[in-house]
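Next come the chains, spelled out residue by residue.
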Amino acid sequence: MNLPKVYEPSKYEADIYALWEKSQAFQPRKAGKSFSVVVPPPNANANLHIGFALTMTLQDIAVRYHRLKGESVLFVPGADHAGFETQAVYEKHLAKEGKSRFDFTREELYKRIWDFVALNRKNFEDQFRSLGGSVDWTRFTFTLDEKVVNRAYATFKKMWDEGLIYRGERLVNYCTFHGTAFADIEVEYKEDRGQLWQLRYPLTDGNGEIIVATTRPETMLGDTAVAVHADDPRYSDFHGKTVTLPLVGREIPIITDTEFVDPAFGTGAVKITPAHDPNDFALGERHALPLITVIDYDGKMNAEVPAEYRGMTVEEARKQIVKDLEEQGYLVKVEDYTHNVGHCYKCGTVIQPLLRDQWFVDMQPLAKPALKALEADKITFYPEAKKEQLINYLKNLRDWNISRQNAWGIPIPAFQNVNNRDDWIYDERVDQEIIEVDGEIYRRDSDVFDTWFSSSSWPYVTLGYPDNEDFKQFYPLSLMETGGEILYPWVSRMIMLGLYVTGEIPFTSVYIHGYVMAEDGSKMSKSIGNVINAPEVIEQYGADALRMGIIAGRAAAVNRGYDPRKVEDARNFANKLWNIARYIESKTNGTAQRGRVEPETDADHWILSKLQQTADSVAADLEIYRFAEAYDRVYHFVWDDFADWYLEASKAQENIPLLTRTLQHILTITHPFAPFVTETIWQTLKWDDETSLAATSLWPVIKPGDAERANAFEKVKQLVGEIRTAMKNIGLSTGVIEYRPASAISDNAEIIKRMAKLSDLTEVEVSDGLKLTGSSLDAWLAIDADTAKEYLEALQKKLQSEQTAFERLKARLTNKRYIDNAPEAVVAQTKQQLAETEARLASIQNEIARFFPNN
């Protein structure tokens, strides 16, 4: 025998993947309907996480299925340079060496990060392979490849020429630790238990004061107005007056604004700091207020503040300012206050809204075509609710800040005239810091593109837009599978840029998966120590077990905890498949298929019908990306129908050609879920046809068995199950069945005897044995009247015992004193005991009704 007794995945998986690569199994067929997927590029800076294992598994199941359907399938791998993310990871490495990014020039840091990513390249690709990703490695794309950079520049130039790019001093979400700005959707908001300070601002004329509230007293040094609602009667006499800003002495106006000020919030008067709050900035633009920046890019108070606060961190300044306000009589009240505060998603630093010159994209002209396509249902979403979420997001879209202050990334191809700050030109000579154009000297902008700007071209840049044959054949993509957390930053922008650049939607379907949570349902965290390491799971259980276990029971966009039991169940399923193959191999002497394949027995017709139903149902599920449902069908067909019933039935009446053909079809329909074990078995057994790989075989088209004969075997199954139940309950190890003439029984007598462990099966006209009422066939378990009576009495005794227990527990739970005084856990335990007793009662009553219907 070629198949060893035990399936050990680690002995086969690497060799099997190498076989696929050598055979060019993952390159598109030259004919057939096109199906295309590109891998959402994972970060190239570290090990792939469990979430990526889910992403790869879902994509690969879809890809392998469509390949088996005979389609021309393209599955493109890639990696993301992940600008800020990767630089942040590398800076942690530098910190361990006692260094920082400031020890290097921009060019030196870029080269060091490039080398760092290159070192991880092999590890990264090996993990792709270990998951079984059937990608075409000849088309691997890195987001810093020349074609990606060129496409980013071409898109930027098109936007530049069409007036969609503008340079502006705007408030940006700034991380003072990492020294870079973030787009709004990249900020992580956390609930913060802080304080709300009420401050007294005296009127300049000395005739009163106005009370304002703030959660950020350090920003008051940059206040340029106080705003009240025009219709608020409390402040009708304050309109047009000014106050003197405490600690600073600056005179600032009291203005009215009906759009921004809520009279019901706080005191109804709001301090306005346009340089440090986005809402204040918008109000400041409406009222032409000056912008006074008091916090610098390093997170410290700058030269615009009084000397005693300069150089302090924000936290230091806050404490000192509150102390000074209190000492000088300006602090009215302090309250505890809980609100959401923006943080850097990488380091946790509180985000500072700071003014900075940045490049922005005018998004409304891009959003409108995307909205039109979505509302016309040109893209199908799984689940559908994600489409509505995206539509709502696009309707309220703000302009996109595409500037980032990193070294690692694609340099923005823009140069500023050293003698004229307003003179900017587009030029791709980004390898030079200084260039000369028409006698003028220009300096390169030091920023790089937001990673999402370049990766938003992923669906078409990977296919070689506009002239490559891949683009012509495989665009739009058939499927974009990704996580819900990047629906807005990535999926929305791929749709907008795809339409803007190519004129077509970038993909026809979007599948959103939920998070893989920790076992207890909480979020995985390295600091907590509950992160699941995918390579370790593969080493212990095999890739197929991880693939099947991680999709079991999952639905689109639903977060679910990692369940090791499902992985173990999947490992057991792979072992079951292996043992089935070993048994069939023993029957064929190593040649998997011999003779004409024709159904002979009722069991043969039944298994063909079941196989046809399963293959068709699994295909229908996978067409609409019902991954868990498809896997569940395969699992239960193989384990329940084929192994537990047909394989056992075939031992009584063998049909080796059909047995092996069924195994071949099972390997094909199981292959998308468990590619390694199915291919290992496929390569070990010798098929008569010329299909050399399971990976490139064809989805089975099965002629179902005769419906009448298949139904006869269903009756046999029902009868065998009834016999097993009766014998187990009575305590018989073997028995005799008497039955009225029925071809379903007589034609399958040997199968019934074998599977029900009968010593005999006898045809009669009438019997005084125990009637098997759960079967549609007239059959009796041949036991004497005394044995039947003893069985009934035992059941009735059990019934009485359970009835007594039920009444006792019920009385306890209707006793008010018990409910009021007993510990909550004890009451809950009693309720559980009552439910279990009630279930046992129902089971005994059903058994009596089943076997003794006249009682």
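In the block above lies the structure referred to throughout.
Predicted, not measured: the structure shown is a model, and the values here were computed from it.

Asks: For this particular structure, what's the right way to read the overall build of the protein chain?
Replies: When you go through the protein chain residue by residue, the secondary structure sums to 26 helices and 30 strands. Taking 29 Å as the expected radius of gyration for a compact globule of 855 residues, we find that the protein chain reaches 36 Å, considerably beyond that expectation. Across its three principal directions, the C-alpha atoms of the protein chain cover 115 × 80 × 55 Å. Counting over 855 residues, the protein chain shows a buried share of 54%. Long-range contacts, defined as pairs at least 24 residues apart, comprise 76% of the intrachain contacts of the protein chain with a sequence gap of at least 6. Surface exposure of the protein chain reaches about 38500 Å², of which carbon and sulfur atoms provide 46%.

Asks: Explanation requested: the pairing of strand β21 (residues 440–444) in the structure shown.
Replies: Consecutive side chains of a regular strand alternate in pointing toward one face of the sheet and then the other. Here strand β18 (residues 414–417) pairs with β21 via three bridges, running antiparallel. In the strand pairing of β21, Asn-417 is matched with Tyr-442. Of the strand pairs in this sheet, strand β20 (residues 434–437) and β21 are connected by four bridges, and their pairing is antiparallel. The partner of Glu-436 across the bridge, within β21, is Ile-441.

Asks: Would you mind going over the sheet that holds β20 with me for this structure?
Replies: Each strand in a sheet pairs with another by means of backbone hydrogen bonds, the pair being arranged parallel or else antiparallel. The four strands are arranged β19-β18-β21-β20 in an open sheet whose pairing can be described as antiparallel. Of all the strands in the sheet, just β19 (420–426) and β20 have a single pairing partner and so form its edges. Adjacent strand axes in the sheet meet at a mean angle of 35° when their direction is disregarded. Packed onto the sheet, helix α5 (residues 146–161) meets β18 and β19 and runs at close to 125° relative to β19.

Asks: Please explain the packing of helix α1 (residues 13–22) against helix α20 (residues 675–684) as it appears in this structure.
Replies: The relative placement of two packed helices comes down to the angle between their axes together with the axis-to-axis distance. Running from amino to carboxyl end, α1 crosses α20 at an angle of 75°, the nearest separation of the two axes being 10 Å. Here α1 is positioned roughly perpendicular relative to α20, judged by the angle of their axes. Of α20, the residues touching α1 (which contributes Glu-13, Ile-16, Tyr-17, Leu-19 and Trp-20) are Pro-675, Phe-676, Glu-679, Thr-680 and Gln-683. Taken together, the residues that form the contact of α1 with α20 break down as six nonpolar, two polar and two charged.

Asks: Got a minute to help me understand the sheet that holds strand β28 (residues 758–763) in this structure?
Replies: Sheet architecture is open: four strands sit in the order β28-β27-β30-β29, paired in mixed fashion. Of all the strands in the sheet, just β28 and β29 (770–771) have a single pairing partner and so form its edges. On the sheet, helix α21 (residues 707–730) packs against β27 (735–739), β28, β29 and β30 (779–781) and is oriented at approximately 20° with respect to β30.

Parameters and conventions
- Residues numbered from 1 in each chain as written.
- Predicted model: local features only at pLDDT ≥ 70, side-chain atom pairs only at ≥ 80, totals over all residues.
- Heavy atoms only, no water.
- Helix = DSSP H or I, 4+ residues; strand = E, 2+ residues; numbered from the N terminus.
- Rg over C-alpha atoms; globule rule 2.2 N^0.38 Å.
- Buried < 20%, exposed > 50% of the residue type's maximum accessible area, 1.4 Å probe, protein only.
- Contact = heavy atoms within 4.5 Å.
- Areas by Shrake-Rupley, 256 points an atom, 1.4 Å probe, with all protein chains shown as cover.
- Pairing = 2+ DSSP bridges.
- Axes fitted to C-alpha atoms, helices over the stretch in contact; angles between N-to-C directions.
- Parallel < 35°, antiparallel > 145°, perpendicular 65-115°, else oblique.
- Nonpolar A, V, L, I, M, F, W, Y, C, P; charged D, E, K, R; others polar.

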